[in-house]
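Listed here are the chains, written in short residue letters.
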Amino acid sequence: MSHVVTLIPGDGTGPEITEATCRVLDATGVQFDWQVCHAGVETLGKFGTVLPDEVIESIKRTKVALKGPITTPVGKGFRSANVTLRKKLDLYANLRPAKTYQGLRSRYEHIDLIIVRENTEDLYVGVEFQRGTPELEEMVETIARTTGTRLSTDAAISIKFISVMASRRIVKFAFDYARARGRRKVTAIHKSNIMKCSDGLFLATAQEVAKEYPDIQFEDRIVDNMCMQLVQRPELYDVLVLPNLYGDIISDLSAGLIGGLGVAPGANIGSQYAVFEPVHGSAPKYAGQNKVNPMAMMFSGVLMLRYLGEKDAANRLEKAIAQVIAEGKCVTYDLKPRPDDPTAVKTSQVADAVIEKLHKA
Ligand code: NAD
C-alpha cells in the first residue's frame, strides 16, 4: 500500500534537505505517493502569499505532510506560515524528541527526552495592545476597574491565554504518548507560583489528567528550576509537557543538549492531521549550496514513518542515520569538530551515505 503524503519543500535550504529526505524515505522500501505543494517566498512573489490555500486543502485530503522550513518575511502584515498552518489544521501538539546519538558533539550522553509543547494558545494567540493606542488605554482602564491595579499607559500588553480544554488535551497527548511508547514519567512545567491563574490552571488540569494514568509517574517543575535541572541532570527526565512559550524555549534548550539544530526533529499533530518538520528554520544564507544537515528532516521522516504505522522502516532508517553519525565521516559541517572542516560532506552526500547503510542492513 502506498502512503499519500503532502510534500512541502519550503524555501531557503528547504528544497535541498527535502530532496535528501525523500530519497532516504523512498530507500526504506515504503511506498509513498508524494503530493508536492509549494509554499514560501517563491509563492509570495507569484501568488502574494507564503501559504497558498491549496497547501491546506492538500493536507486536508492526505491527512499527513512532510514539510521543509518556510521563511517568515520580516515586516508588517506577515503572519508566519508555520503558525497559520498549525492554527488552520488545529495541530495542537508540537512533539520534539531530543536524543543523543553516539558521535554527536554534545556535552551529554544518554539523553532521551520527549518535549510535548502546546501549540495553539498561551502568549501565541496574538492578542496584543500597542503602546499609544486607544485600545491600550481602554485595556488599562478595564484592568484598573476589575483588579484595582493601575498599569502605566507607557506600555504594551500581550495576553497570556490558557484554557482547560487545550491544557487537558495536551497533557492527555503527553500521557497517551508515554503509555504507547513505554515511557515511565511525565513532568508538567509551569510557573504557577507567580501566574497563579493561567499557569495554575495548566498545573491543576495536568494533576487531574494524571489521575487517569496511574501506570505512569507524574511530577511538576517550575520552569526556571527545570532549565537548571535540564542542564545539570537531563537524564532524570523523560516526557515533558509544557504550555506554548516554555515549550518553545525548552525545546531549543534540549536541541542544544543533543548537538544542535541539524539533528532536531519535530512534528505538529492534531486529532485529524499531522505535519512533520525539522525544528530549524530555512537558514537562507546557505540556500542553494547543498551544505546544511538534512538529518533533522530525516529524523522528522522517522517520526512520520512511526505515525504511519511503518515501525520497522522507522527503526531501520533511524539506525542507518545513527550509523552515519557514529562514523562521523559522511556528515555536514555542523557535525564536524570545526565548521570549516574540509572533510565535511554535502547535503546530498549524507543521503547517499544513509541509503548505503539502509541497503547493507
Ligand atoms: P535557522 O534555523 O534557519 O538558522 C539559524 C542557524 O542555524 C543557521 O544560520 C545555521 O547556522 C544553523 N542551521 C539551521 N539549520 C541547519 C541545518 N539543517 N544544518 C546545519 N546548520 C543549520 O533560524 P533563523 O535564521 O532564525 O530563521 C531563518 C528563517 O526561518 C526565518 O524567516 C524564520 O522565521 C524561519 N523559521 C522557519 C521555521 C519553520 O519553517 N518551521 C522554524 C524556524 C524558523
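The coordinates are above.
It should be emphasised that the depicted structure is a prediction, and the values quoted were computed from it without experimental measurement.

Draft legend 1. Focus on the pattern of salt bridges. Throughout the structure, instances matching the rule amount to 28 salt bridges. The residue Asp199 makes a salt bridge to Lys160 at a minimum N-O spacing of 2.8 Å. Residue Asp199 is found in helix 7 (residues 198–210), and its partner Lys160 is found in the loop between strand 7 (157–158) and helix 6 (164–180); the two are separated by 39 residues along the sequence. Between Arg184 and Asp238 there is a salt bridge, with the nearest N and O atoms lying 3.9 Å from each other. Highlighted residues: Arg184 in the loop between helix 6 and strand 8 (185–190) and Asp238 in the loop between helix 8 (223–232) and strand 10 (239–242), separated in sequence by 54 residues. Here the residues in one salt-bridge network are Asp112, Arg183, Arg184 and Asp238, joined through shared partners.

Draft legend 2. The arrangement of unusual backbone geometry in detail. With a phi angle near 50°, Asp90 is a residue other than glycine that sits in the positive phi range. As for its placement among the helices and strands, Asp90 is situated in the loop between helix 4 (81–88) and strand 4 (93–99). Given a relative accessible area of 31%, Asp90 falls into the partly exposed group. Unlike most non-glycine residues, Ala283 shows phi in positive territory, near 35°. Mapped onto the fold, Ala283 is located in the loop between strand 12 (274–278) and helix 10 (295–307).

Draft legend 3. How the structure looks around the side chain of Thr100. Summarising the element assignment, Thr100 is placed in the loop between strand 4 and strand 5 (112–118). Note on Thr100: relative accessible area 16%, which makes it buried. Polar contacts involving the side chain of Thr100 include one to the main-chain amide nitrogen of His110, which spans 3.1 Å. Within the structure, the side chain of Thr100 is placed 2.8 Å from the backbone nitrogen of Ile111, a separation counted as a polar contact. Thr100 has contacts with Ser106, Tyr108, Glu109, His110, Ile111, Leu257 and Ile258, leaving out every residue within four places of it along the chain.

Draft legend 4. Quick peek at the site of the ligand. The environment of the ligand is made up of 20 residues, and the closest members are Ile70, Thr72, Gly281, Ala283 and Asn293. With respect to the ligand, the side chain of Tyr333 contributes an N or O atom lying 2.9 Å from a nitrogen atom. Protein chains shield 70% of the accessible area of the ligand, which is 810 Å² for the free molecule. Residues that form the shell around the ligand fall into these classes: nine nonpolar, seven polar and four charged.

Draft legend 5. Quick peek at helix 10. Between its first and last C-alpha atoms helix 10 spans 18 Å; for 13 residues at 1.5 Å apiece the expected length is 18 Å, and the two agree. Among all positions of helix 10, only Met295, Ala296, Met297, Met298, Phe299, Ser300, Gly301, Val302, Leu303, Met304 and Leu305 are buried. One or two steps after helix 10, the chain reaches Gly309, where phi turns positive at roughly 85°.

Draft legend 6. Layout of the sheet that holds strand 4. Across the sheet, 10 strands lie side by side as 2-1-3-12-11-4-5-10-8-9; this open sheet has mixed pairing. In the strand order of this sheet, the two ends are held by strand 2 (31–36) and strand 9 (217–222), each with one partner. Neighbour to neighbour, the strand axes of the sheet diverge by 25° on average, direction disregarded. Here strand 1 (residues 2–8) runs beside strand 3 (residues 64–67); their pairing, made up of three bridges, is parallel. Residue pairing for strand 3: Leu7 is matched across the bridge by Leu66. Packing of helix 9 (residues 244–258) onto the sheet brings it into contact with strand 4, strand 5, strand 8 and strand 10, and relative to strand 5 it is tilted by some 155°.

Cut-offs applied
Residues numbered from 1 in each chain as written. Predicted model: local features only at pLDDT ≥ 70, side-chain atom pairs only at ≥ 80, totals over all residues. Heavy atoms only, no water. Salt bridge = Lys/Arg side-chain N within 4 Å of Asp/Glu carboxyl O. Helix = DSSP H or I, 4+ residues; strand = E, 2+ residues; numbered from the N terminus. Buried < 20%, exposed > 50% of the residue type's maximum accessible area, 1.4 Å probe, protein only. Polar contact = N/O pair within 3.5 Å; in protein donor to acceptor, adjacent residues only side chain to side chain. Contact = heavy atoms within 4.5 Å. Near = heavy atom within 4 Å. Areas by Shrake-Rupley, 256 points an atom, 1.4 Å probe, with all protein chains shown as cover. Nonpolar A, V, L, I, M, F, W, Y, C, P; charged D, E, K, R; others polar. Expected span 1.5 Å × (residues − 1). Pairing = 2+ DSSP bridges. Axes fitted to C-alpha atoms, helices over the stretch in contact; angles between N-to-C directions.

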